[in-house]
Amino acid sequence: MDDKAYSELLRRFRPRIEEELAEIDRLSEENAAWSAPVELDQQSVGRVSRIDAMQMQAMSQAVQRRRAGRRQLLLQALKRMDEGEFGYCSECGEEIALGRLNVDPGVIACVRCAE
């Protein structure tokens with residue numbers, strides 16, 4: 001890929017990645033309360049309410065783990081951009097298809113190597 005094409009690739013994907021990172025951070029802050037420890041005082045809430053709260057806490061923590069993983073992938077994509085490696089397969093070094101990057105700009109492997 002020539003320098004002009006690579007610059008266009010970065011111009012196209014960097015804002016998208018940065019927007020997704022900002023959204024992940026915003027959602028993580030909004031949902032932080034759901035991950036907080038559940039009050040176990042039986043005088044303040046009933047048993048069913050505690051079970052519901054614990055279930056919501058577990059689901060929120062799972063969502064936060066997935067978000068953290070996605071955040072790491074996107075941060076790595078930005079790092080690859082800075083190093084001039086974005087859009088290239090980490091396994092074989094070939095260009096990753098533009099369609100694949102459109103679906104997920106955080107991918108690190110071409111279709112062949114991902115299989």
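Located above this text is the structure these notes cover.
Let me sum up the structure you'll find in this document. (Residues numbered from 1 in each chain as written. Predicted model: local features only at pLDDT ≥ 70, side-chain atom pairs only at ≥ 80, totals over all residues. Heavy atoms only, no water.)

### Topic: the packing of aromatic side chains
Under the definition given, this model contains two aromatic pairs. With centroids separated by 6.3 Å and ring planes inclined at 25°, the aromatic side chains of Y6 and Y88 adopt a geometry described as stacked. Here Y6 is found in helix α1 (residues 3-30), whereas its partner Y88 is found in the loop between α2 (47-82) and α3 (98-103), with 82 residues between them in sequence. Note on F13 and F86: the rings are 5.8 Å apart at their centroids and 50° apart in plane angle, and the pair reads as tilted. Separated by 73 residues along the polypeptide, F13 in helix α1 and F86 in the loop between α2 and α3 bring together distant segments of the chain. Of the two residues, F13 and F86, both sit in the buried class. (Phe/Tyr/Trp six-rings, centres within 6.5 Å; stacked < 30°, edge-to-face > 60°. Helix = DSSP H or I, 4+ residues; strand = E, 2+ residues; numbered from the N terminus. Buried < 20%, exposed > 50% of the residue type's maximum accessible area, 1.4 Å probe, protein only.)

### Section: the environment of Q61
Positionally, Q61 belongs in helix α2. In this structure, the C-alpha to C-alpha distance between Q61 and A32, residues 29 residues apart in sequence, is 9.0 Å.

### Thoughts on the side chain of S28
With respect to the helices and strands, S28 occurs in helix α1. Separated by 3.5 Å, the side chains of S28 and Q64 make a polar contact. Dropping the residues within four chain positions of it, S28 is found in contact with Q64 and R67. (Polar contact = N/O pair within 3.5 Å; in protein donor to acceptor, adjacent residues only side chain to side chain. Contact = heavy atoms within 4.5 Å.)

### Details of the pattern of salt bridges
Side chains that differ in charge, positive against negative, can pair when their charged atoms come close. On inspection of all chains with the given rule, the structure shows seven salt bridges. If you follow the salt bridges from partner to partner, you end up with E20, R70 and D104 in one network. (Salt bridge = Lys/Arg side-chain N within 4 Å of Asp/Glu carboxyl O.)

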